[in-house]
Amino acid sequence: MSTDENLGFQSGVPIPGLNPPSNQFGNAFCGAGSGLIREGLGAYGKRICGSSSQYVQSNIIKCFSDPQYYFQVNAHYVRNKLKIILFPFLHRGHWTRITEPIGGRLSYNPPINDINAPDLYIPFMTFATYLVLAGISLGLSGKFSPEALNWQFVKGMASWLFQAMLLKASLTSLGGGEAPLLDMIAYAGYTFTGLCVAVVGRITLSYAYYLIVIWTSMCSGIFLAKTIKLTLYAEARSYDVTIHNYLLLGIAFSPFPFIFCLSNPTGNWIS
Amino acid sequence: MTKEFAVPPVVFPSGGNPSAGSNNIQQRRVATAPFQPPRSSTSSIPFMSFDIGSAAASSSSGPLFGGPIGSGGSVPGGTSFEDEEPLLDELGIHPDQIWRKTKSILNPFRANPAVHKDSDLSGPILLYMSLCLFQLLAGKIQFGVILGWIVVSSIFLYVVFNMLAGRNGNLDLHRCTSVVGYCLLPVVILSAASLFVPQGGTFRFAVAGVFVLWATRVCTALMVALADGGDEHRGLIAYACFLIYTLFSLLVIF
């Protein structure tokens, strides 16, 4: 069990050309950190982990790399990452993620050591902050009701998942198909920081906030494009430059509709 | 005279086989409950039933409608009423413990994690009902909403805490819900106070802010003290608690 715990620290990001030994990894996923997965899966977890079917285990690895990796953060990382997300042009350093060989395989450093690594704490917290701010904005315009806030939750979740699927689909169709899903969910969730700023702008200034929307979606777009560019060039097999550029352009403009729609919270279930 | 209608002889299990006649009618006039489950010492399921009327139960297992017989002196086979635990103990509700835990939340500057070591959910349910009551006084019927939000937010805090704490995070959901529920006390006081604060002023927001900060401070202190692995992520956990209690205060303010 101790070797499994050691493996638990790494993310499941495989470099093209290296196949992770699926059996070992299945155990690492099952034995790794979070009590949530241990308790939450319960009996099903035992069945999934204990099953010797390679298909099941390799599918779990493909869908979810170890979620524990994405929560190894500290306050310093959170502060600096927020600065990068909101002002990506001020980032002086490089955008590549640091890899280091652990256990004979190259793997990415956890977020606590590497400012460019994605994490899941910031997306979750900014999503919840967006819900609170949307509640305040609804209340100040007199449209607050708990059902309205529940609908905002559903809409926010749906757009988050949609954006993550968009990123994952575009990377899969172009690249090697090995971009981990949780990475895409993390990158898509980073646009919620810009969204929170936009909602604050809507609360404080009533019409100049459109400028803030344009500004924050531009920043989120630049951030996304720069990170996806690295992922693309690290993992893509074909080097078709024009399609890559169009894709990056599309990704850079993608936060705009989400931020525009979501920063106007109304009480209805659509729009 | 007694044989005007053909009454089949009724066999009582313990009383032998009484002959048809005045014996039967006398016994039939005894006030019995319409249904008495078989109470016997040979029964494997301990069944609590209460004597209705003065008749004591028959001790042998018999037909279901045997019932107690008029002048029976037989000892009841199951547990008697005096031997049972007090109701609150049996339900696991300890009012003095609830009172002690609630009093410990009242001090925002010093948390008392020793009192909260064993988690219980009856205090949070009490606080939830009083929050709903104060919301009702304000004209908002939000029973289901508040319960749903408590469940969702405690699951959220559970996930975030355990993920941040990593390998040695040992918070369990019962304790998490218990702490989140008890720290709702400032929000309950806020909802009581907001009945008297005028709507739509900055004073309302300021009052709410004070209570939210109080709840956040106590919740973080308890979380970090009660479960391992939370020490180096104090600020991150505090922000999560702050979001949860701001959400509840939104229900109160607007």
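Basis of the calculations
- Counting restarts for each chain: residues are numbered from 1 in the order of the written sequence.
- Each chain is given a letter, starting from A, and each ligand a number, starting from 1, according to the order in which they appear as written.
- Thresholds applied to this predicted model are a pLDDT of at least 70 for local features of residues and 80 or more for the giving and counting of side-chain atom pairs; totals over whole chains, interfaces and linings are not thresholded and use all residues.
- As a rule here, side-chain values come from all non-hydrogen atoms in the structure, and water together with hydrogens is ignored.
- To qualify as a helix, a DSSP run of H or I must reach at least 4 residues; to qualify as a strand, a run of E must reach at least 2; elements of each kind are numbered from the N terminus.
- The buried label goes to any residue with under 20% of its type's maximum accessible area, the exposed label to any with over 50%, and the partly exposed label to all in between, with areas taken from a 1.4 Å probe on protein chains only.
- Residue-level accessible areas treat just the shown protein chains as cover; the underlying method is Shrake-Rupley with a 1.4 Å probe.
- The contact rule is simple, with two residues in contact once any of their heavy atoms fall within 4.5 Å.
- UniProt positions are given in the numbering used here, feature names are shortened, and annotations may be inferred rather than shown by experiment.
- Reported buried area values correspond to the accessible surface (1.4 Å probe) lost by two parts on association, with both partners' losses combined.
- Note on definitions: salt bridges are taken to be side-chain nitrogens of Lys or Arg within 4 Å of carboxyl oxygens of Asp or Glu.
- We call Asp, Glu, Lys and Arg charged. Ala, Val, Leu, Ile, Met, Phe, Trp, Tyr, Cys and Pro are nonpolar, and the rest, Gly among them, are polar.
- Per residue, pLDDT captures the predictor's confidence, and it can take any value from 0 to 100.
- Think of a nonpolar core as a cluster: buried Ala, Val, Leu, Ile, Met, Phe, Trp, Tyr and Cys residues, connected wherever their side-chain atoms sit within 4.5 Å.
- Each C-beta atom gives one direction from the helix axis, and the arc is the one those directions make.
- Residues form patches when they are more than 30% accessible in relative terms and have no salt bridge. Like charges link within 9 Å. Nonpolar side chains (Val, Leu, Ile, Met, Phe, Trp, Tyr) link within 5 Å.
- Any two rings among Phe, Tyr and Trp, with Trp reduced to its six-membered ring, count as a pair given centres within 6.5 Å; such a pair is stacked if its planes are under 30 degrees apart, edge-to-face if over 60, and tilted if neither.

### Topic: the overall build of chain B
When you go through chain B residue by residue, the secondary structure sums to nine helices and zero strands. Its helices and strands in sequence order give chain B the pattern α-α-α-α-α-α-α-α-α, from N to C terminus. Residues classed as buried in chain B amount to 42% of the 254 residues present. Only carbon and sulfur atoms are counted for the fraction: they give 65% of the accessible area of chain B, which is about 13800 Å².

### Observations regarding the overall build of chain A
When helices and strands are counted, chain A shows 12 helices and two strands. Scanning chain A from its N terminus toward the C terminus, one meets helices and strands in the order α-α-α-α-α-β-β-α-α-α-α-α-α-α. Counting all 271 residues of chain A, 49% fall into the buried class. Counting only contacts in chain A whose residues sit at least 6 apart along the sequence, the fraction spanning at least 24 positions is 75%. Accessible surface, chain A as shown: approximately 12700 Å² in total, 67% of it carbon and sulfur.

### Observations concerning the UniProt feature "transmembrane region" (unreviewed entry) in chain A
Residues and elements named next belong to chain A. Taking the numbering used here, the UniProt-annotated feature "transmembrane region" (unreviewed entry) corresponds to residues 120–140, 184–201, 207–225 and 246–265. Between the first and last C-alpha atoms of residues 184–201 the distance is 27 Å; the span itself is 94% helix and 0% strand. From the first C-alpha to the last, residues 246–265 spans 31 Å; its make-up is 80% helix and 0% strand.

### Things to note about the interface of chain B and chain A
Counting from both sides, the interface comprises 23 residues of chain B and, opposite them, 30 residues of chain A. When residues of chain B are sorted by the area they lose upon contact with chain A, Met163, Arg167 and Phe254 of chain B head the list and together hold 30% of the total. Summed over the shared surface of chain B and chain A, the result is zero salt bridges. Among the elements of the structure, α5 (143–165) and α9 (234–253) of chain B are those that each provide at least two residues to the side of chain B that touches chain A. Partitioned by chemical class, the residues of the side of chain B that touches chain A number 17 nonpolar, five polar and one charged.

### Concerning the confidence of the model for chain B
Residues and elements named next belong to chain B. A residue-level look at chain B finds 73% of positions with pLDDT of 70 or above and a mean pLDDT of 80. In this model, residues 18–22 is a region of pLDDT below 50 whose contacts with residues beyond four sequence positions or in other chains number six contacts. Across the assembled chains, the prediction reports ipTM 0.75 with pTM 0.72.

### A look at the nonpolar core
Ranked by size, the top nonpolar core spans 110 residues in total, and within it Tyr121 and Tyr130 of chain A together with Leu157, Met223, Tyr245 and Phe248 of chain B carry the most contacts. Leaving out residues up to four positions away in the same chain, phenylalanine 248 of chain B has contacts with Ile146, Trp149, Ile150, Ser153, Leu184 and Val187 of chain B.

### Brief notes about helix α3 (residues 95–105) of chain B
All buried positions along α3 of chain B are accounted for by Gln97, Ile98, Lys101, Thr102, Ser104 and Ile105 of chain B. Buried residues of α3 of chain B fall within an arc of 160° about the axis and therefore sit on the same side.

### Here's the deal with the UniProt feature "domain: Yip1" (unreviewed entry) in chain B
The positions that UniProt labels "domain: Yip1" (unreviewed entry) are, in the present scheme, residues 105–252 of chain B. Along residues 105–252 of chain B, the helical share is 70% and the strand share 0%, with 20 Å between the first and last C-alpha atoms.

### Focus on the confidence of the model for chain A
This prediction gives chain A a mean pLDDT of 76; 70% of its residues lie at or above 70. Scored below 50 in pLDDT, residues 1–34 of chain A shows 64 contacts in the model against residues more than four places distant or in partner chains.

### Considering the UniProt feature "transmembrane region" (unreviewed entry) in chain B
Residue and element names in this part refer to chain B. Feature annotation in UniProt places "transmembrane region" (unreviewed entry) on residues 144–164, 176–197, 203–224 and 236–253, given in this structure's numbering. Segment residues 144–164 splits into 100% helix and 0% strand. End C-alpha atoms: 30 Å apart. Across residues 236–253 one finds 100% helix and 0% strand; the C-alpha atoms that close the span lie 25 Å apart.

### Observations concerning a nonpolar patch on the surface
Residue and element names in this part refer to chain B. On the surface, Leu133, Leu136, Leu137, Ile141, Leu195 and Phe196 cluster together into a nonpolar patch covering about 660 Å² of accessible area. Mapped onto the elements of the fold, leucine 195 is located in the loop between α7 (185–193) and α8 (202–226). By relative accessible area, leucine 195 is classed as partly exposed at 32%.

### With respect to the environment of phenylalanine 87 of chain A
Residues and elements named next belong to chain A. By the secondary structure assignment, phenylalanine 87 is in the loop between α5 (75–86) and β1 (99–102). Look at phenylalanine 87 and you get partly exposed, because its relative accessible area is 36%. Once the C-alpha coordinates of phenylalanine 87 and tryptophan 151 are considered, the two residues, 64 residues apart in sequence, prove to be 30 Å apart.

### Concerning the packing of aromatic side chains
Residues and elements named next belong to chain A. Scanning all chains against the criterion turns up 20 aromatic pairs over all chains. The interplanar angle of 75° and the centroid separation of 5.1 Å between the aromatic rings of phenylalanine 127 and phenylalanine 192 together place this pair among those described as edge-to-face. Remark: phenylalanine 192 occurs in helix α9 (residues 191–204) and phenylalanine 127 occurs in helix α6 (residues 121–140); sequence separation between them is 65 residues. On the accessibility criterion, phenylalanine 192 (3% relative accessible area) is buried. Connected via pairs of aromatic rings, a cluster forms that spans Phe71, Phe124, Phe127, Tyr130, Phe153, Trp160 and Phe192.

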